[in-house]
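Next come the chains, spelled out residue by residue.
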Amino acid sequence: MVIVFALTASIFFAVAVGFGAMYYKQNPEAQLRKRLHDMIDQAEKERAKHPKQKKNIRTTVVDMPTIEEETKPSRLKEFFYRAVRPFFDSLDERLQRFAPSEIRLQLEDKIFHAGKLGIWSIKRLITIWCLSIVAGTGFAIIMIQTSDLHPLQRILTVLLGAFIGAAVPFAVLNSAIRNRQKAIRRQLPEFLDILCVSVQAGLSFDGAVGKMTKRMRGPLINEFKRMQNDVALGMTHQYALTNLAKRCDIEEIYLFTTSIIQAEKLGTSMTRTLKQQADNMRDRHRQHVKAEALKAPVKIIFPMVLFIFPSMFVVLLFPAMVTLLKALGGG
């Protein structure tokens, strides 16, 4: 039993390290940007210490680490690249044969809709999926070892643990996709309002999108940045907008991209099209907020039944119950 517990704990640790490695690999650009901002801030502080120096005076050398020192890996990074990463790479290659092709296609689709295409590795996700199944099965075996169950119940418990372990990675991916879609749906009306105002001010559609992608942040802005990169590489506007709608997988984005494609094909006014889409998206967002507000009374029933009603019953009925029991006992 101790061996099974240790094996399960090691598998959970491996899954956590895998997710951590994926997170570390997906943010090299953010780390480089943060390092550059730190260098600029340090240079500004040095310049602020000597405001009266003339511009023709030789600039002072700021005590900052050189490129070799910046790129020199620390002991933790060196251990990661020499021990942990090769282990997971070899594990990825060995576990690929156990994953069915349908699971591979489903994971690729989840990565595509999560906006992590080219950032998350499908091999690493398959490895995490296999380790999750093993961890769920091991946890179920530990449970049946400490309980007296029928053999059929033991088998069903092990199968249930394996099923839960297989479903956990997909549940995490689905949650990430839903959160991303909510953020896109929340940001879309504001984006379209500013885009409409920019086009009315005289900018082209691409110029307005370029201005907004430089000054705004969010998953929707990232998708439009990717659309601009696709157009810059030679892709047509129609194909780039279609891919944007597929990546977001939201009805509002499909309506917006379809209207833009039709306006470009038919030669209609882009300003009028964007104005109609902005008004339509604002109305749809208002209706969505109203629908969520109407769901609140239904959603609050379960917390009330589980937490509020019992406390109210204790406060209101307990004194009456005590009085009644005393009266019956005295009688």
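Our subject is the structure that appears above.
What comes next is a walk through the structure. (Residues numbered from 1 in each chain as written. Predicted model: local features only at pLDDT ≥ 70, side-chain atom pairs only at ≥ 80, totals over all residues. Heavy atoms only, no water.)

### Let's talk about the overall build of the protein chain
Quick note on the threshold: Put simply, DSSP H or I for four residues or longer makes a helix, DSSP E for two residues or longer makes a strand, and each gets a number counted from the N terminus. Burial classes follow relative accessibility: with a 1.4 Å probe on protein chains only, a residue under 20% of its type's maximum area counts as buried, one over 50% as exposed, and anything between as partly exposed. Any two residues whose heavy atoms approach within 4.5 Å are treated as being in contact.
When helices and strands are counted, the protein chain shows 13 helices and 0 strands. Reading the protein chain from its N end, one meets helices and strands in the order α-α-α-α-α-α-α-α-α-α-α-α-α. Expressed as a percentage of the 331 residues in the protein chain, the buried residues total 28%. Considering only residue pairs separated by 6 or more positions, the protein chain has 65% of its internal contacts joining residues 24 or more positions apart.

### Regarding the nonpolar core
Condition: To form a nonpolar core, buried Ala, Val, Leu, Ile, Met, Phe, Trp, Tyr and Cys residues must be joined to one another through side-chain atoms within 4.5 Å.
Of all hydrophobic cores here, the largest spans 31 residues; its most connected members are Leu195, Ile253, Phe256 and Leu274. When contributions to this core are tallied by element, the ones reaching two or more residues are helix 7 (151-200), helix 8 (205-215), helix 9 (219-232), helix 10 (237-248), helix 11 (251-266) and helix 12 (270-299). With 7 residues, the top contributor of residues to this core is helix 7. The next biggest cluster of nonpolar side chains, apart from the first, holds 13 residues, and it includes Ile111, Trp120, Leu125 and Cys130.

### Some words on the packing of aromatic side chains
Our working rule: Any two of the Phe, Tyr and Trp rings considered here, Trp counted by its six-membered ring, make a pair once their centres fall within 6.5 Å; the pair's planes then place it as stacked at under 30 degrees, edge-to-face at over 60, or tilted in between.
As enumerated under the stated definition, the model contains 3 aromatic pairs in all. Members of the aromatic cluster, each reached through a chain of ring pairs, are Phe191, Phe224 and Phe256.

### Considering the packing of helix 10 against helix 11
Rule in force here: Only C-alpha atoms enter the line fits that serve as axes; for helices the fit covers just the stretch in contact. Angles between N-to-C directions range over 0 to 180 degrees. Here is the rule for angles: anything less than 35 degrees is roughly parallel, anything more than 145 is roughly antiparallel, 65 through 115 is roughly perpendicular, and the remaining ranges are oblique. Residues are grouped as follows: Ala, Val, Leu, Ile, Met, Phe, Trp, Tyr, Cys and Pro are nonpolar; Asp, Glu, Lys and Arg are charged; all remaining types, including Gly, are polar.
Across the interface, helix 10 lies against helix 11 with an axial gap of 9 Å and an inter-helix angle of 175°. Judged by the angle between their axes, helix 10 and helix 11 are roughly antiparallel. Facing helix 10, whose interface residues are His237, Gln238, Leu241, Thr242, Leu244, Ala245, Lys246 and Cys248, helix 11 presents Ile253, Tyr254, Thr257, Ile260, Ile261, Glu264 and Lys265. Across the contact of helix 10 with helix 11, the residue classes break down as 8 nonpolar, 4 polar and 3 charged.

### Focus on the pattern of salt bridges
Formally: Salt bridges are identified by distance alone: a Lys or Arg side-chain nitrogen within 4 Å of an Asp or Glu carboxyl oxygen.
Overall, the coordinates contain 10 salt bridges when judged by the stated rule. One salt bridge in this structure joins arginine 282 and aspartate 193, with 2.3 Å as the shortest N-O distance. You can see arginine 282 sitting in helix 12 and its partner aspartate 193 sitting in helix 7, a full 89 residues away along the chain. Residue classification places aspartate 193 among the partly exposed positions, given a relative accessible area of 27%. Here glutamate 251 makes a salt bridge to arginine 284, at a shortest N to O gap of 3.3 Å. With glutamate 251 in helix 11 and arginine 284 in helix 12, this residue pair connects regions lying 33 residues apart in the sequence. Through salt bridges with shared partners, one network takes in Arg185, Glu251, Glu252 and Arg284.

### A look at the packing of helix 7 against helix 8
Between two packed helices, both the angle of their axes relative to each other and the distance between the axes serve to describe the pair. Keep this limit in mind: Handedness of a crossing is defined here by the sense of rotation of the near helix relative to the far one, left-handed for an anticlockwise turn of less than a right angle and right-handed for a clockwise turn.
Packing of helix 7 against helix 8 leaves a shortest axis separation of 9 Å and a crossing angle of 130°. Here helix 8 runs oblique to helix 7, going by the angle between their axes. For the element pair helix 7 and helix 8, the recorded crossing hand is right-handed. On helix 8, the residues that touch Phe191, Ile194, Leu195, Ser198 and Val199 of helix 7 are Phe205, Ala208, Val209 and Met212. Among the residues forming the contact of helix 7 with helix 8, the class breakdown is 8 nonpolar, 1 polar and no charged.

### Section: the side chain of threonine 257
In plain terms, the rule: Under the rule applied, a polar contact is a pair of N or O atoms within 3.5 Å (in protein, one hydrogen donor and one hydrogen acceptor; residues adjacent in sequence only if both atoms are side-chain atoms).
Checked against the element boundaries, threonine 257 lands in helix 11. On the accessibility criterion, threonine 257 (3% relative accessible area) is buried. Within the local environment of threonine 257, its side chain forms a polar contact with the backbone oxygen of tyrosine 254, the two atoms lying 3.1 Å apart. Non-local contacts of threonine 257, meaning those with residues more than four positions away in its chain, are made with Leu241, Leu244 and Ala245.

### Description of helix 6 (residues 122-145)
To keep it simple, the criterion reads: Residue count minus one, scaled by 1.5 Å, sets the expected span of a helix.
Between the first and last C-alpha of helix 6 there are 35 Å, a value that for 24 residues agrees with the 34 Å anticipated at 1.5 Å per step. Of all 24 residues in helix 6, 17 are buried, a share of seventy percent or more.

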